[in-house]
Amino acid sequence: MNRTYIEDLSRHVGQTVELCGWVYSKRSSGKIKFLLLRDGTGLCQCVYFKGECDETSFAEFEQLTQEACVFVTGVVKEEKRSPGGFELSARTLKIHSPSVDYPIGPKEHGTDFLMNNRHLWLRSSQQHAAIRVRAEIIKSVRDFFDGRGFTLIDAPIFTPSACEGTSTLFETKYFDEKAYLSQSGQLYMEAGAAAFGKVYCFGPTFRAEKSKTRRHLIEFWMVEPEVAFNDLYDNMELAEQFVEYIVQRVLKNKAAELKVLERNTEALAKVTAPFPRLHYKEAAEIIAKENLEFKKGEDFGGTDETIISSKYNKPVFVHHYPAAIKAFYMKEDEKEAGSSMSCDLLATEGYGEIIGGGQREDNLNKLMGKIKEHNLNPEDFGWYTDLRRYGSFPHAGFGLGIERTVGWICGLSHVRETIPFPRLYGRLRP
Ligand code: 4AD
């Protein structure tokens, strides 16, 4: 039998094919029965006409329950009213395995219930669409950097030291030593940049953030490019080209998924480089006028980021954050004491920060001073400071969080729906 996927039906019009999948829904009216079949690649209406289909199959139809696994044969027809534009004039139906009392129905369910059933919830159309968009984003990340001569350098997951502060470190045993799950591959990318020029890593990173917010995951995926001889401004240029590429590619290739998600794509269509750039001090002025609790010199919270992004119809860079609120490796601007050569990118429509990065401190003495200031153990950073001993070089890079990017592009209000199996504070299962 000519077994095919629903997404490939256009190639089989007029042919008899077999579809394998799960019952999405069904309805009957006398001599005609409709099965909406889901196979992971799409939905297809299968129509059973009494007299035209196998009689046993017609009778078996009554036993179908939501998410039962079925094999169906029939003739492919074009039908505009069917979800994918094709319908099956069904001939046979085989129930491969039943599904009794499937817990997720059309009625409203609470978030906790859905998260406990995440392994099943993934089959629902909106979850399915978001994960397909995620896959496209991941592919576009790789294509962007691979197509521009970057070398992929995988960073280790077990690390001996902190990159992004010690408060969110996940400690684990590494035989007789203490190790931490990676918070960022950046330090290793700096070594990579000295060896290969333009590099990136892309993998899971971990932060023991004891907070339940709509933007924080415990385990999230980050892509981190690092480029030798780039400064802060080159870094922002690379980041804006990268973000434009991802957004425009998803708009082109995943329009159907964005429709399922009911995403208004007007704002996304305008995401083209260059993006506006604001000095931290300018941004802080704007925020202070609207948020009376904000103190200049502090990092921005979600509300503050929304204040800034609401003023622009493109993502906006904020650069030159105070060095005191940034990580130890950030270069201080020689022309502006106390300001770091850092940049964050805030997404449109209040979705908040999706990129953090900047130019790295390349002066050995200054870097050693920062390591001590941040109460880090210089011994842990011996290999890292070597990069400043042996041909130190100006360089810059950034990290883009995949889940926040998926959330923004899909228009989702919480990062829990942007990754197949989210790890959140208080949630390790399923
Ligand atoms: O600003 P962050 O902490 O920067 C770094 O880790 C740098 N070492 C990256 C670099 O320069 N190579 O994180 C970068 C991005 C954030 O903008 C955000 O998108 C995401 O990573 N991110 C998180 N996403 C989900 N949950 C969390 N807990 C996140 N923490 C950071």
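Residues numbered from 1 in each chain as written. Predicted model: local features only at pLDDT ≥ 70, side-chain atom pairs only at ≥ 80, totals over all residues. Heavy atoms only, no water.

**Notes on the overall build of the chain**
At step 1: The helix and strand inventory of the chain stands at 13 helices and 16 strands.
At step 2: Taking the principal axes of the C-alpha coordinates as reference, the chain spans close to 85 × 55 × 40 Å.
At step 3: For the chain, the residues scored as buried account for 51% of the 430 residues in total.
At step 4: Total accessible area on the chain stands at roughly 20,400 Å², and carbon and sulfur atoms take up 51% of it.
At step 5: A distance of 5 Å separates the average location of the 56 positive side-chain charges in the chain from that of its 60 negative side-chain charges. (Helix = DSSP H or I, 4+ residues; strand = E, 2+ residues; numbered from the N terminus. Buried < 20%, exposed > 50% of the residue type's maximum accessible area, 1.4 Å probe, protein only. Areas by Shrake-Rupley, 256 points an atom, 1.4 Å probe, with all protein chains shown as cover. Lys, Arg positive; Asp, Glu negative; His and termini not counted. Charge placed at Lys NZ, Arg CZ, Asp CG, Glu CD.)

**Brief notes about the sheet that holds strand β16 (residues 395-401)**
At step 1: Within the open sheet, the eight strands sit side by side as β6-β10-β11-β16-β15-β14-β13-β12. Their pairing is mixed. Where the open sheet ends on each side, the last strands, each with one partner, are β6 (151-152) and β12 (277-279).
At step 2: Bridging between strand β11 (residues 219-228) and β16 involves five bridges; their strand directions are antiparallel. Bridge pairing links Val227 to Ala396 in β16. (Pairing = 2+ DSSP bridges.)

**Some remarks on the domain arrangement of the chain**
At step 1: Considered domain by domain, the chain is made up of domain 1 (2-97) and domain 2 (116-418).
At step 2: Taking the mean C-alpha position of each, domain 1 and domain 2 sit 45 Å from one another.
At step 3: Contact with domain 1, which involves seven residues of that partner, is made by four residues of domain 2.
At step 4: It is Tyr24, Arg38 and Gly40 that lose the most area in domain 1 upon contact with domain 2, and together they represent 60% of the buried surface on that side.
At step 5: Our enumeration of links across domain 1 and domain 2 arrives at one salt bridge.
At step 6: Here Glu67 ties to Arg123 by a salt bridge, and the two come within 2.9 Å at their closest N and O atoms. (Domains from an automatic or database assignment. Contact = heavy atoms within 4.5 Å. Buried area = accessible area lost by both parts, 1.4 Å probe. Salt bridge = Lys/Arg side-chain N within 4 Å of Asp/Glu carboxyl O.)

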